Amino acid sequence: MNNKQRIRLIITIFLMPLMASAQKKTISQRVDSLLRLMTLDEKIGQLNQYSGKQVTGPESKVKTDLINDIRNGRVGSMLNVKGVKDTREIQAVAMQSRLKIPLLFSLDVIHGYKTVFPIPLAEAASWDLDAIRLSAHIAAKEAAAAGIHWTFAPMVDIARDPRWGRIMEGAGEDTYLGSLIAVARVKGFQGEQLGGTDAVMACAKHFAGYGAAMAGRDYNAVDMSEHQLWETYLPPFKAAADAGVATFMNSFNTLNGIPATGNSYLQRNILKRKWNYQGFVVSDWGSIGEMVPWGFANNDADAAEKAIKAGSDMDMESRTYKSYLAKLVKEGKVPEALIDDAVKRILYKKFELGLFDNPYKFSDAKREADVLNDGGHKTIARNVARKSIVLLKNQGNVLPLTKSKTKIALIGPLVKSKRDMDGSWTVNADTTQITSLYEGVKGKLAKKTELLYEKGCNISGNDKPDFTEALRIAGQADIVVMALGETWDMSGEAKSRTNIHLPGQQEALFNAVKATGKPVVVVLMAGRPLIFSDIAAKANAIVYAWWLGDEAGNAIADVLFGDYNPSGKLPVTFPRNEGQIPLGYTYYNTGRPVKNPENIIYKSAYIDSPNTPQYAFGYGLSYTSFSYTDLTLSAAKMHHTDNVTVSFRLTNTGKYAGEEVVQLYVHDEVASVVRPVKELKGFQKVFLKAGESKTVSFVINKEKLSFYNSKLQWAAEPGNFEIMIGTASDDIKLTAEMELL
Ligand code: NOJ
């Protein structure tokens, strides 16, 4: 090491942390000085968030009132104002206020701003954390270039009920996978450091338990044990907090009788005290006011008091803070210190973003034009889209298709659809950029290859359609590719369904086409796991494509023709029928497990359905095949401070290069609290050329064996553990036993 390097090292080790903390101090000091200048009304103003749909629209009373409120320092943040022109214009109004405190512009940038990426549930199927992070980052980059400072994403709610329409917005059913994806998304959205003009603040939502809304009905109550809460639902939030997520959003549901918005156990005890979280909490839309119809608050004033006391810092759109907080403080019902704490948290973020130095920092017209027209974003979207596809069936290797000499009939209501591809959360999509499946397939074929098309039926509705034309073209084709599923607005917020079978006459269309005897490949598109029993039983191949965004058609065609070998795995269980819901892979053995499906009498079983799902968590095929052999453990016993390395040989035994998601599951055989039959504790996505093989290893440490014990402490208990390596949660290839001493 030369002198120069030595000096650099000394600076890194000793001075950088000091400089960072000095800078941090500076922000705190700036926040404190500003707070001292603020009137109570101005402080409360920072806690208000308004939707700005009308603020940039034609003249109206609402618009005038909103502008006046902003000018008078009564608004801290706007949602739904976007684009450089509008954000500049509205920020300029905030700059006319007495203290010139900049507004935060926020938006639901869930899976893309202009370039639309796959829905979050689809991306979770990629099990590719780098691809997920990059997708979030590009979404953030585009949003930040359009004046946005803050996205209401990621949704990190664990969801095990496909009736719940919002299952599309999360990472699926698993806590381990969901926590890693939460971190990837937070890091993707927020970039290296808050304040970069290629990043936005992220928001971990909905705190907490929303994914467990009773009976899968949106905005409903949630009842769960402390064990469930800590073990299943809180970890992705904790992971997001540890990854530095700038904000949290609370939720519409109650948790064990207390609305999350008025829940001080969640927001104060857990989040702000136990986890020492320094960011701020925004309510969900109107959720403070909704505590009145819940029967938790007498009126809006009471709701405002309960929410601020419980730790909800910013009021999204209920306007109860604006209307009642000042009075509540003056009456001595709400200590001003609580308001100060909430304001400080919000101001801190505004300083971190650099908005006090330049309130228009994110509103640069040239950057907006450059970033939103960056052609590279499409390539990134196509890449993550094809990784998100799950191949569910491929009987007789009917896929991949050949590009010439095959006459393909494309049949189904989603073949030429475009808008549906983008799913339900789009905020600034350019629908002219969407590639349909028809276009994607057409683009692959040699010029002279004929492509037949017929819609066949609508997505919903039960009028008996005329299948004649569909059957005629099926008869002419060598192979039929059908595109079936939901419309974009059948999943998402407020889109719960009791019947999650493929809607309308689509399965009837499939049955008719299949009866022609031609091989049928079904591409299913949806925002949730659907039920499609006839297709599962009879289709030659099934490709689950979710909603893949702008590049859907190209990505699906890449998979159909083998330009990309599918590697996606289900992040959520697909039930056989609605009666099994909620259904997941982390079930319990019970005292009466079904050992033999032929003998279920007095067993924990249904008399009209198997317990098993249609497709299990972690399941997904490839065009190649993999073998798992030679499992070894570096030791069969370990002490709490030890590690055990689990290794095995993975071989690509098929004809194609491909990626396999190898999965590590653990089962604690006897414990003070009964443990699920298996829990995911590790995975790796391994690429192998045809014939290639590789040793894959996982390290088992105390952390991987821990759970919330009977005293609700996170700990590992001595005893035997089953170690499982599999290609899916229901397809375990290798097992071994080990003991924790
Ligand atoms: C309600 C949704 O629950 C939430 O996730 C979203 O961010 C807000 N609306 C704002 O649009």
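Residues numbered from 1 in each chain as written. Predicted model: local features only at pLDDT ≥ 70, side-chain atom pairs only at ≥ 80, totals over all residues. Heavy atoms only, no water.

A. Quick look at the overall build of the protein chain. In terms of regular secondary structure, the protein chain is built from 22 helices and 26 strands. The globule rule puts the C-alpha radius of gyration for 741 residues at 27 Å, and the 27 Å found for the protein chain is close to it. The dimensions of the protein chain, computed from C-alpha atoms along their principal axes, are 75 × 70 × 65 Å. Counting across all 741 residues of the protein chain, residues that qualify as buried make up 59%. Of the roughly 28800 Å² of accessible surface on the protein chain, 51% is carried by carbon and sulfur atoms. Treating the 89 positive side-chain charges of the protein chain as one cloud and the 80 negative ones as another, the clouds have centres 4 Å apart. (Helix = DSSP H or I, 4+ residues; strand = E, 2+ residues; numbered from the N terminus. Rg over C-alpha atoms; globule rule 2.2 N^0.38 Å. Buried < 20%, exposed > 50% of the residue type's maximum accessible area, 1.4 Å probe, protein only. Areas by Shrake-Rupley, 256 points an atom, 1.4 Å probe, with all protein chains shown as cover. Lys, Arg positive; Asp, Glu negative; His and termini not counted. Charge placed at Lys NZ, Arg CZ, Asp CG, Glu CD.)

B. Here's a closer look at the packing of aromatic side chains. Per the stated rule, a full pass over the model turns up 29 aromatic pairs. Taken together, a centroid distance of 5.0 Å and an interplanar angle of 80° make the contact between Trp-127 and Phe-683 edge-to-face. Of the two residues, Trp-127 sits in the loop between α5 (120-124) and α6 (129-145) while Phe-683 sits in strand β21 (residues 679-688), which places them 556 residues apart along the sequence. Given the relative accessible area of 14%, Phe-683 is considered buried. Ring geometry for Phe-237 and Phe-248: centres 5.8 Å apart, planes at 40°, overall tilted. Of this pair, Phe-237 sits in helix α9 (residues 235-242) while Phe-248 is found in strand β6 (residues 247-250), placing the two residues eleven residues apart along the sequence. Like Phe-248, Phe-237 is buried. Taken together, the ring pairs in this structure connect Trp-127, Tyr-176, Tyr-585, Phe-617, Tyr-665 and Phe-683 into an aromatic cluster. A cation sits over an aromatic face here: Lys-306 above Phe-296, 5.3 Å from the ring centre. (Phe/Tyr/Trp six-rings, centres within 6.5 Å; stacked < 30°, edge-to-face > 60°. Lys NZ or Arg CZ within 6 Å of the ring centre and 35° of its normal.)

C. A look at the site of the ligand. The full set of residues close to the ligand is Leu-79, Asp-108, Phe-152, Arg-166, Lys-205, His-206, Met-249, Phe-252, Asp-284, Trp-285, Met-316 and Glu-493. Take Asp-108: an N or O atom from its side chain is 2.4 Å from an oxygen atom of the ligand. Contact distances for the ligand include 2.7 Å between an oxygen atom and a side-chain N or O atom of His-206. Here the ligand, which alone exposes 300 Å², has 94% of that area covered by the protein. (Near = heavy atom within 4 Å. Polar contact = N/O pair within 3.5 Å; in protein donor to acceptor, adjacent residues only side chain to side chain.)

D. Broad picture of the nonpolar core. Judged by nonpolar contacts, the single largest core of 194 residues is most densely connected at Phe-248, Phe-532, Trp-546 and Leu-560. A per-element tally of this core places helix α14 (residues 336-352) first, with eight residues. Taken domain by domain, the makeup of this core includes at least three residues from each of domain 1 (1-105 + 335-374) and domain 2 (375-580). Among all residues touching Phe-532, those that are not within four sequence positions of it are Leu-392, Glu-507, Leu-524, Ile-542, Tyr-544, Phe-574 and Tyr-615. Of all hydrophobic cores here, the second largest spans 23 residues; its members include Met-638, Val-644, Leu-688 and Leu-734. (Core = buried A, V, L, I, M, F, W, Y, C linked by side-chain atoms within 4.5 Å. Domains from an automatic or database assignment. Contact = heavy atoms within 4.5 Å.)

E. Broad picture of the environment of Gly-461. Mapped onto the elements of the fold, Gly-461 is located in the loop between β13 (451-454) and α18 (468-476). In this structure, the C-alpha to C-alpha distance between Gly-461 and Arg-160, residues 301 residues apart in sequence, is 28 Å. If we skip the residues at most four places from it in the chain, Gly-461 touches Gly-504 and Gln-505.

F. Region of the structure containing helix α17 (residues 437-444). Residues Leu-437, Tyr-438, Gly-440, Val-441 and Lys-444 constitute the buried set of α17. All buried residues of α17 lie within an arc of 165° about the axis, which places them on one face of the element. Of the surrounding secondary structure, the elements contacted by the buried residues of α17 are α16 (376-388), β12 (408-411), β13, β14 (479-485), β15 (520-525) and α21 (552-560). (Arc of directions from axis to C-beta.)

G. Focus on the side chain of Gln-267. Along the polypeptide, Gln-267 turns up in helix α10 (residues 264-274). A residue is classified by how much of its surface remains accessible, and Gln-267, at 0% relative accessible area, is buried. Reaching out from Gln-267, the side chain makes a polar contact with the backbone oxygen of Ala-260 at a distance of 3.2 Å. At 3.4 Å, the side chain of Gln-267 forms a polar contact with the backbone oxygen of Ala-310. Non-local contacts of Gln-267, meaning those with residues more than four positions away in its chain, are made with Phe-207, Asn-250, Ala-260, Thr-261, Gly-262, Lys-272, Val-281, Ala-310, Gly-311 and Ser-312.

H. Seen up close, the pattern of salt bridges. Tallied over the full model, the rule gives 44 salt bridges. For Lys-85, the salt bridge identified is with Glu-89, shortest N-O distance 3.8 Å. Within this pair, Lys-85 and its partner Glu-89 are both found in helix α4 (residues 84-94), separated by four residues, close to a single helical turn. When the shortest N-O distance is used, the salt bridge between Lys-306 and Asp-302 registers 3.1 Å. Of this pair, Lys-306 and Asp-302 both sit in helix α12 (residues 300-310), four residues apart, which is roughly one turn of the helix. (Salt bridge = Lys/Arg side-chain N within 4 Å of Asp/Glu carboxyl O.)

I. Structural view of the pairing of β13. Two elements, β12 and β13, share four bridges in a ladder whose sense is parallel. Looking across to β13, one finds that Ala-409 is bridged to Leu-452. (Pairing = 2+ DSSP bridges.)

J. Quick look at the domain arrangement of the protein chain. As far as domains go, the protein chain holds domain 1 (1-105 + 335-374), domain 2 (375-580) and domain 3 (626-740). Inter-centroid distance (C-alpha atoms) of domain 2 to domain 3 is 34 Å. Each partner contributes to the interface: domain 2 provides six residues, whereas domain 3 provides nine residues. Carbon and sulfur atoms supply 41% of the area buried between domain 2 and domain 3, which totals about 570 Å² over both sides. If you sort the residues of domain 2 by the area they bury against domain 3, Asn-565, Ser-567 and Lys-569 come out on top, with a joint share of 72%. Counting across the domain 2 and domain 3 interface gives one salt bridge. Lys-569 serves as the salt-bridge partner of Glu-660, at 3.2 Å between the closest nitrogen and oxygen. At the junction of domain 2 with domain 3, the criterion picks out four residue pairs in polar contact (both at pLDDT 80 or more). Taken together, the residues that form the side of domain 2 that touches domain 3 break down as two nonpolar, two polar and two charged. (Buried area = accessible area lost by both parts, 1.4 Å probe. Nonpolar A, V, L, I, M, F, W, Y, C, P; charged D, E, K, R; others polar.)

K. Examining helix α15 (residues 365-372) more closely. Three or more residues of α15 are buried, namely Glu-368, Val-371 and Leu-372. Angularly, the buried residues of α15 cover 90° about the axis, an arc narrow enough to put them on a single face. Structurally, α15 contributes buried residues whose contacts are with α4, α6 and α16. The opening residue of α15, the one whose side-chain oxygen lies 2.9 Å from the backbone nitrogen of Lys-366, is Asp-364.

L. Summary view of the sheet that holds strand β10 (residues 315-316). In spatial order, the strands read β4-β3-β2-β1-β10; together these five strands make up an open sheet with parallel pairing. Only two strands of the sheet have a single partner each, and these edge strands are β4 (150-151) and β10. Strand direction decides the pairing type here: strand β1 (residues 48-51) and strand β2 (residues 77-79), joined by three bridges, are parallel. Bridging from a neighbouring strand, Tyr-50 pairs with Met-78 of β2.

M. Main features of the environment of Val-559. Relative to the helices and strands, Val-559 resides in helix α21. You can call Val-559 buried: its relative accessible area is 0%. Residues Val-559 and Ser-491, spaced 68 residues apart in sequence, show a C-alpha to C-alpha distance of 24 Å. Leaving out residues up to four positions away in the same chain, Val-559 has contacts with Arg-386, Ile-389, Pro-400, Tyr-564, Pro-566 and Tyr-623.

N. Structural detail: unusual backbone geometry. Cis geometry is found at the peptide bond from Lys-205 to His-206, where omega equals 0°. Inspection of the secondary structure puts His-206 in strand β5 (residues 203-207). Omega for the peptide link from Phe-207 to Ala-208 comes to 0°, which places this bond in the cis form. Although it is not a glycine, Lys-405 sits at a positive phi angle of roughly 60°. Given a relative accessible area of 84%, Lys-405 falls into the exposed group.

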